[in-house]
Every structure is written in C-alpha cells, then in structure tokens.
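# Observations on chain architecture
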Amino acid sequence: MGRVWRYGDDVNTDVIFPGKYTYKIMSDEEMASHALEDLDPSFAKNVKVGDIIVAGKNWGYGSSREQAVKCLKVAGIKAIIAESFARIYYRNCINLGLPAITLKHDDIEKFDANDEVDVDIENGIIVNRTKNFEIHFPPFEGYVMDIIKAGGIIEYIHRQVSSQ
Amino acid sequence: MGMTLTEKILARKASKKEVQPGEIVTVEPTWVMSHDNSAAILLKFKKTGVKKVWNPKKIVIILDHTVPAPTAEYANNHKSIREFVKEQGIENFWDINTGICHQVMAEKGYDLPGAVIVGADSHTTTPGAFGAFAAGIGRSEVAAIWATGKIWLRVPESYEIIVNGRMPKGVFAKDLALHIIGNIRASGAVYKAVEFKGETIKNMTIASRMVLTNMSAEMGAKNGIIEADNKTEAYLKDRARKFYEIMHPDEDAEYEKRYEYDASDLVPKIAFPHTVDNVYDIEKAEGIEINQVFLGTCTNGRVEDLEIAAKILKGKKINPNVRMLVFPASWEIWKEADKRGILHILADAGAVIMNPGCGPCLGAHAGVLADGDKCLSTANRNFKGRMGNPNSEIYLGSPATAAVTALKGYISDPREVL
Ligand code: SF4
C-alpha cells in the first residue's frame, strides 16, 4: 500500500528532474533527492517506498532524459497513473520498469493527495482504501509485463542471457 | 469496427485480428535501422551480455551523418561500426559512399508497404510514404532489438489529413508540409499516426510524398503514412528486397481527428527561426538577406528537388553574397543528376556541389554557419544552433524558393521566375 502524490497537467521533465543535473553522474540516492525538486520540494523528503503518483494530461513532456523516470523509481514510486503521458516518457517508464498506467479523466479526478492506494500491476486493479473504490485497467501485454517484472529492458535481457 | 492503415499493419505484424489505439503490441520489426549512432548503440548492445545479434539480416546500418569523417573521433566511431558489422555478419551495411539513411532505405528497397520499420533517428517516419509503419525510437531500444528481435509498441490513435486540389505553380510538397505543420503546430499530433489522403497526395510523386512523411515528425507524430498505389509499385519494381502486400485502411476506420486542406489556394511558405511551426506565407519573408542556401537533406535532396533548382538557375549566376551548397541525398541521386546535366548547371551557376550525406543539416559536418549568418535551407528543422552555430538563423523553404533566393541574395518568391 502507498500514498498518492497528486499533480496536475503538463508536468515537464525539467521539473521532474532538473536539466542542470542531466550530465552529472550521480548515485541513485542523490538522484532521488532531486526528484520533482522544482515542482514540489516536499516530495523528495517525504516520499516512501510504494507511493504512487496520480497526474493529469501529458505527464513528462519535454526532453527524452531517462533520469526523469529513474529518479522517481529510485525514490520508491511504484507506479505513475495519469490521464496521458508524453510519448518518450511513456517508453522510458516501461523500459526502466516503472509501470505507467493511463486512466480516463473522470477516474483520475477521484484521487486526492494522501489517499491510501493499492496497485495490483499483474491483474490490473487499483484499490483506493481511503475512498473505498476500485478501478480496473487492462494489464500490460506479455513482453511489456516481463520487462516491468524484470525491472527494465536491460535487466530483462540480462536475465534471458543468464538463464540460457 | 474498421481499422486505420496503421492499425491494420500493427495488427498483422502482431498476428492479431484487431488492435485498438492505446493497446500495446509486441512485434518483430521488418527492419531496424541506425546510422553513425550505431557506434553508441553497439556499446549498449554489448552491455546486455548478448553475444550475437538476433538476426543480422534485419539490421540495416547506413553511415551518413558525418561522412567522410571530419574528426578522429568520428573516424573511430565509423571504424568500430565497420568492425561490428563484420563480426556480426550484418549484410545490410551501407558505408559512406551511399547516402542519407532515409533515402537509402527507399532506394535499396527496404521501405515496403505493410512493413514495420523502426530506427534510431527521429525522421524514420519517412518510409510511411510507401505504406509502411515507420517510427523513430531511442538508442537503448535499438540495442534491445538487436539483442531480442522484439519491440513493444503502443498502437497510436490516427489522424487523417486530407488534401485535395491541384497545387499551383511554384508551390511544392514542402510548402504543403510547412503549411500543415504551421496549422497543426509542433505538438499538435504528438504520438499520433497521421495518414495523408486525398487526390493531391495521389497525384504526388514518390519523392514528394516522402517530404510529407519525413516532416510528420515535426508535428510530433509517431508515424506518417500514405497508402501504397501503382506509383509505389512502379518505384519498388526493381528494388523491393522482400515480398510485400499492399494494405488499405477500412472504409469505416475511426480517426481521432480529421484535417482537410485545399492545395489549390496554397502559396510558397517559409518557416522562420527557430521552430518549424513558425510558418508564414513567403510574402512576409521576401527581402530578407541570406548568406547561405542549403539544398539537400532527407527532406529535399532528391532529383526533382535538384532539377527544379537547375531549371531556375540555368545559365544564370547566383548572387555573389550567397554561398550555395548542394548535397544530393544519395549517390544514386548524384549520378542521375549528373547524367541529366543538373549538377553541371548548378555548378555553373556558382553552387558548391558536395558529397551525399546529411552535410550541414545537424551542424556536425561541412557548411557550418558563421555568427549572424542567415541560411535558407530545404531541411526539416530550423532549431536554434541546429546547423552548428546558435548565433545564426535558419529559414526553411522549398528547393525552388532556395534556388531563386540564391539567385537574388534575399528570400524571394519562386512564382516570379517559374
Ligand atoms: S539530413 Fe538532417 S534530418 Fe535528415 S537524417 Fe540527416 S541529419 Fe537527420
């Protein structure tokens, strides 16, 4: 179970992970400490493993930098639920093993910050325990599910190679 | 429910009866393409631990971005690619003497109706001109395909762009592309499949159709696509590398949006610096003094583009204040243009004829702009610093506009001379 961090439309990659750090090599912890720095300074301090982000339209537009996904993943975020994702951001999410779930506007509106939520990736079920409702989404297709379960596409390939 | 052309291709490749927008499918691409960036991709590939690529016959590598190598670093990159190609037995390797990847993909018969083509270059939307599904992907994803042979794709929603009417004299596919992008805007079709239809498109040459699918990337589209027809088949006759099947969208296919344009009232267009959707009628740009004219690229470096420029410049001299650079998009084009005397006419007029490749398009090779320079380019992008100098300006226009501008020394309307 995790808590909801609630954000609006058009959150760009620059506020998720500031451009000034893009070419700096950093540890996972340091990366997590800059997550959402310019949008919500309370996030990095208070985020817990298993929390989820619920956002509006066009989450993650802007640059193709993978750190904008990675920083949230290493901060403990279990899934991002949004009305829509920027194309490259969506691909980066899956390929780095962070589930990106798309819901309709009306369903997104049902979530508030700090709601306690369970996300069952495998069966495609989101349970909001605070507000007592359940939303279903189509589970990821086979290969994509394998990538997510492995924690990313590179890890997935690694596993394949080592199991051979 | 009926399916759009993009949906049909993805469904067939994924061995499904039907797919819907938003659905994720996993497919084995017909071809996976990369260029000089293969040097970076092969390092990622090696990190996966996989020793042999999944299928060396389906990997296409074309050296075009910095050819011949301008620095030791680029030379070493090329070298590492050549070694990798040998080691892996990759047959579809085209070295620096071939041309720009998107042009070579067409000429060498990889762009086929119904194919699924992915490439590590944002203008991999180009093969859509042949009725293929074609999209740009990231470098890590190319490395992953080399290793596994698979890619997952989210089925995009489709837009239909219908163009009817006869294009007026002096107005070309490039002007239409700029007009549409100016209207839909740079983010107007993000992630969408854009399907071009209508009699104007049917009447276009293959080269002109490629301008539209090439520039689909500039409205954010995942892919641009045009139904194949007998012109496509004629082009592919002695080129196609594989059996292919022409697919058509269903009559009752559902499109998220529809845009309609009348080509008969179009005028030449110019995209002003520094965004491709900053488009105006040529009238507003007329008189802007230009230092360099760049004719070429995967957008407008084909025979018909060089030919129209030669028609305008025949027997004339370009303005002495202008440097005109001509980069045919491939050696096949270079040779054809040479045979027809086009290159000679352009050289006589004072143009510098360069070797096929991307040239100054991305600022990593010859033809870089000086501070304060203004360039009229036939490329697809005019972002700040794109041609290697952030203190310069790039205006985009058609090859005819480029030629008449070189002649006059300032941006001019080609309708006055055609
Ligand atoms: S010509 Fe320009 S746009 Fe086309 S592939 Fe080369 S660098 Fe990219």
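Residues numbered from 1 in each chain as written. Chains lettered and ligands numbered in written order. Predicted model: local features only at pLDDT ≥ 70, side-chain atom pairs only at ≥ 80, totals over all residues. Heavy atoms only, no water.

Turning our eyes to something else, we now look at the overall build of chain B. The number of helices and strands found in chain B is 15 helices and 18 strands. At 21 Å, chain B has a C-alpha radius of gyration in line with the 22 Å of a compact globule built from 418 residues. With respect to the principal axes defined by its C-alpha atoms, chain B has extents near 55 × 55 × 40 Å. Split into buried and exposed, the 418 residues of chain B put 62% on the buried side. (Helix = DSSP H or I, 4+ residues; strand = E, 2+ residues; numbered from the N terminus. Rg over C-alpha atoms; globule rule 2.2 N^0.38 Å. Buried < 20%, exposed > 50% of the residue type's maximum accessible area, 1.4 Å probe, protein only.)

Residues and elements named next belong to chain B. One can describe the packing of helix α2 (residues 38-47) onto helix α5 (residues 139-148) by two numbers: an axis separation of 8 Å at closest approach and a directional angle of 55°. Here α2 lies oblique to α5, going by the angle between them. Considering only the axes of α2 and α5, their crossing is right-handed. Across the interface between the two elements, Ser38, Ala40, Ile41, Leu42, Lys44 and Phe45 from α2 touch Arg139, Ser140, Val142, Ala143, Trp146 and Ala147 from α5. Among the residues forming the contact of α2 with α5, the class breakdown is eight nonpolar, two polar and two charged. (Axes fitted to C-alpha atoms, helices over the stretch in contact; angles between N-to-C directions. Parallel < 35°, antiparallel > 145°, perpendicular 65-115°, else oblique. Left-handed = near helix turned anticlockwise from the far one by under 90°. Contact = heavy atoms within 4.5 Å. Nonpolar A, V, L, I, M, F, W, Y, C, P; charged D, E, K, R; others polar.)

Our focus in this paragraph is the pairing of strand β1 (residues 2-6) of chain A. All names here are of chain A. Sheet analysis places β1 next to strand β5 (residues 116-120), joined by two bridges and oriented antiparallel. Its bridge partner being in β5, arginine 3 is matched across the sheet by glutamate 116. Two strands pair when backbone bridges link them, and β1 and strand β2 (residues 52-55) are joined in this way by three bridges, in the parallel orientation. Each residue of the ladder has a partner; that of valine 4, found in β2, is isoleucine 52. (Pairing = 2+ DSSP bridges.)

Moving on, we come to the domain arrangement of chain B. Residues and elements named next belong to chain B. Looking at chain B, the domain boundaries give domain 1 (5-15 + 22-261) and domain 2 (271-416). Using only C-alpha atoms to locate each centre, domain 1 and domain 2 end up separated by 24 Å. Taken residue by residue, the interface counts 37 residues in domain 1 and 35 residues in domain 2. Three residues, Ile100, Lys174 and Leu178, lead the burial of domain 1 against domain 2; their summed loss comes to 20% of the area buried on that side. At the boundary of domain 1 and domain 2, one finds three salt bridges. When the shortest N-O distance is used, the salt bridge between glutamate 332 and arginine 239 registers 3.1 Å. The interface formed by domain 1 and domain 2 holds 23 residue pairs in polar contact (both at pLDDT 80 or more) in total. (Domains from an automatic or database assignment. Buried area = accessible area lost by both parts, 1.4 Å probe. Salt bridge = Lys/Arg side-chain N within 4 Å of Asp/Glu carboxyl O. Polar contact = N/O pair within 3.5 Å; in protein donor to acceptor, adjacent residues only side chain to side chain.)

Moving on to the packing of aromatic side chains. Residues and elements named next belong to chain B. Per the counting criterion, the structure on display carries 18 aromatic pairs over all chains. Ring centres of tyrosine 159 and tyrosine 259 lie 6.0 Å apart, and the angle between their planes is 55°; on these two criteria the pair is classed as tilted. Of this pair, tyrosine 159 sits in strand β8 (residues 158-164) while tyrosine 259 sits in strand β11 (residues 257-262), and the two are 100 residues apart along the sequence. Here the two residues tyrosine 159 and tyrosine 259 agree in accessibility, since each one is buried. For the ring pair tryptophan 331 and tryptophan 334, a centre distance of 5.1 Å and an interplane angle of 40° mean the geometry is tilted. Here tryptophan 331 and its partner tryptophan 334 are both found in helix α13 (residues 331-339), three residues apart, which amounts to about one turn of the helix. (Phe/Tyr/Trp six-rings, centres within 6.5 Å; stacked < 30°, edge-to-face > 60°.)

This part is about the pattern of salt bridges. Charged atoms that come close allow side chains of opposite charge to pair. Residues and elements named next belong to chain B. Under the criterion given, the structure shown has 34 salt bridges over all chains. The residue glutamate 393 makes a salt bridge to lysine 374 at a minimum N-O spacing of 3.8 Å. Of this pair, glutamate 393 sits in strand β18 (residues 393-396) while lysine 374 is found in strand β17 (residues 374-377), placing the two residues 19 residues apart along the sequence. A single network of salt bridges, built from pairs that share partners, joins Glu160, Glu195, Lys197, Arg258 and Glu260.

Let us now look at the interface of chain B and chain A. Across the contact, 20 residues belong to chain B and 17 residues belong to chain A. Carbon and sulfur atoms supply 62% of the area buried between chain B and chain A, which totals about 1700 Å² over both sides. Of all residues in chain B, B:Ile24, B:Thr48 and B:Trp152 give up the largest surface area on contact with chain A, accounting jointly for 36% of the area buried on that side. A salt bridge links A:Arg91 to B:Glu141, with the nearest nitrogen and oxygen atoms 2.5 Å apart. Between chain B and chain A we count eight residue pairs in polar contact (both at pLDDT 80 or more) in total. A per-element tally of the side of chain B that touches chain A places α5(B) first, with five residues. When the residues that make up the side of chain B that touches chain A are grouped by side-chain class, the tally is nine nonpolar, six polar and five charged.

What follows covers the sheet that holds strand β10 (residues 223-226) of chain B. Residues and elements named next belong to chain B. Across the sheet, which stays open at both edges, the four strands sit in the order β10-β9-β8-β11 with parallel pairing between neighbours. For this open sheet the edge positions go to β10 and β11, each flanked by a neighbour on one side alone. Each neighbouring strand pair of the sheet contributes to a mean axis angle of 20°, computed without reference to strand direction. Each of β8, β9 (193-197) and β10 is contacted by helix α1 (residues 5-13), which is oriented at about 100° to β10, the strand it contacts most. Its contacts with the sheet put helix α8 (residues 206-215) on β9 and β10, and the angle it makes with β10 is roughly 155°.

The subject of this paragraph is the confidence of the model for chain B. For chain B, the average pLDDT comes to 96, and 100% of its residues sit at 70 or higher. Listed scores for the predicted complex are pTM 0.91 and ipTM 0.86. (pLDDT = per-residue confidence, 0-100.)

Before going further, it helps to examine the site of the ligand. Residues and elements named next belong to chain B. The ligand sits among His65, Ile100, His102, His123, Thr297, Cys298, Cys358, Cys361, Leu362, Asn380 and Arg386. Here the shell around the ligand is composed, by residue class, of five nonpolar, five polar and one charged. Both domain 1 (5-15 + 22-261) and domain 2 (271-416) contribute no fewer than three residues apiece to the shell around the ligand. (Near = heavy atom within 4 Å.)

Attention shifts here to the environment of A:Val119. Residues and elements named next belong to chain A. You can see valine 119 is positioned in strand β5. Relative accessible area serves as the criterion here: at 8%, valine 119 is assigned to the buried category. Distance in space between the C-alpha atoms of valine 119 and isoleucine 52 is 8.6 Å, their sequence separation being 67 residues. In this structure, valine 119 is in contact with Ile52, Lys78, Ile101, Ile125 and Ile126, ignoring residues within four places of it in sequence.

This paragraph deals with unusual backbone geometry. Cis geometry marks the peptide bond from B:Val67 to B:Pro68; its omega dihedral reads -15°. Structurally, the position occupied by B:Pro68 is in the loop between β3 (59-62) and α3 (72-88). Backbone torsion omega between B:Pro273 and B:His274 reads -5°, so that peptide bond is classified as cis. Note on placement: B:His274 falls in the loop between β12 (269-271) and β13 (279-281). Positive phi, close to 75°, is recorded for A:Asn114, a residue that is not glycine. Phi at A:Asn132 is positive, roughly 60°, even though this residue is not glycine. Locating A:Asn132 in the fold gives a position in the loop between β6 (125-128) and β7 (133-136). The exposed category is assigned to A:Asn132, whose relative accessible area is 70%.

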